[in-house]
Amino acid sequence: MKTILKATGVAALLMLGACGGNADDRAADNIEAMTENRADALEAQADATGNEQVSDMLEDRADNVREMGEDAADRADDNDDARVEQQVRNQL
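Residues numbered from 1 in each chain as written. Predicted model: local features only at pLDDT ≥ 70, side-chain atom pairs only at ≥ 80, totals over all residues. Heavy atoms only, no water.

**Remarks on the overall build of the protein chain**
When helices and strands are tallied, the protein chain shows 4 helices and 0 strands. Helices and strands in the protein chain line up, N terminus first, as α-α-α-α. Here the protein chain holds 92 residues, and 24% of them are scored as buried. In the protein chain, the proportion of contacts linking residues at least 24 apart, taken out of those at least 6 apart, comes to 63%. Taken as a whole, the protein chain presents about 6,600 Å² of accessible surface, with 51% of it coming from carbon and sulfur. (Helix = DSSP H or I, 4+ residues; strand = E, 2+ residues; numbered from the N terminus. Buried < 20%, exposed > 50% of the residue type's maximum accessible area, 1.4 Å probe, protein only. Contact = heavy atoms within 4.5 Å. Areas by Shrake-Rupley, 256 points an atom, 1.4 Å probe, with all protein chains shown as cover.)

Okay, structure coming up:
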């Protein structure tokens, strides 16, 4: 009986350890916030410029930053890899 209780306790601890990967969740949230802020800044620059071509270029770049951020956040979360956050920070 004691062996069964010990085995159950060890199994419960292993299950808790497996689901605890919060660093990658925080990294994904940080990536999304970081890229959203950068995209917002690019859109503000686009709105402030009087040049239509420059404005369009900045809007396109903002869209690309948002898409890159979403992909990177998914990659960090799916791969349980918080290091992706630093890679995105370096790209921005």
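Still more to cover.
**Brief notes about helix H3 (residues 52-78)**
With 27 residues, H3 ought to run about 39 Å at 1.5 Å a step, and its terminal C-alpha atoms sit 39 Å apart, in line with that. Buried within H3 are the following residues: Ser-55, Leu-58, Ala-62, Val-65, Arg-66, Gly-69, Ala-72, Ala-73 and Ala-76. Where H3 is buried, its residues contact helix H2 (22-48) and helix H4 (84-91). Its side-chain oxygen placed 2.9 Å from the backbone nitrogen of Gln-53, Asn-51 serves as the N-cap of H3. (Expected span 1.5 Å × (residues − 1). Polar contact = N/O pair within 3.5 Å; in protein donor to acceptor, adjacent residues only side chain to side chain.)

**As for the environment of Val-84**
Tracing the sequence through the fold places Val-84 in helix H4. Sequence separation between Val-84 and Ala-28 is 56 residues, and the spatial gap between their C-alpha atoms is 8.4 Å. Beyond its immediate sequence surroundings of up to four residues, Val-84 is in contact with Ile-31, Ala-72, Arg-75 and Ala-76.

**Overview of the pattern of salt bridges**
Considering all chains together, one arrives at 4 salt bridges under this definition. The salt bridge partner of Glu-36 is Arg-66, with a shortest N-O separation of 3.0 Å. Here Glu-36, found in helix H2, pairs with Arg-66, found in helix H3; they are 30 residues apart in sequence, far enough to count as distant. In this structure Arg-66 comes out as buried when scored by relative accessible area, which is 19%. When the shortest N-O distance is used, the salt bridge between Arg-66 and Glu-43 registers 3.0 Å. (Salt bridge = Lys/Arg side-chain N within 4 Å of Asp/Glu carboxyl O.)

**Some details on the side chain of Thr-35**
Position of Thr-35 among the secondary structure elements: in helix H2. In this structure Thr-35 comes out as buried when scored by relative accessible area, which is 3%. The residues contacting Thr-35, other than those within four sequence positions of it, are Val-65, Met-68, Gly-69, Val-88 and Leu-92.

This is a description of form; function is not addressed.
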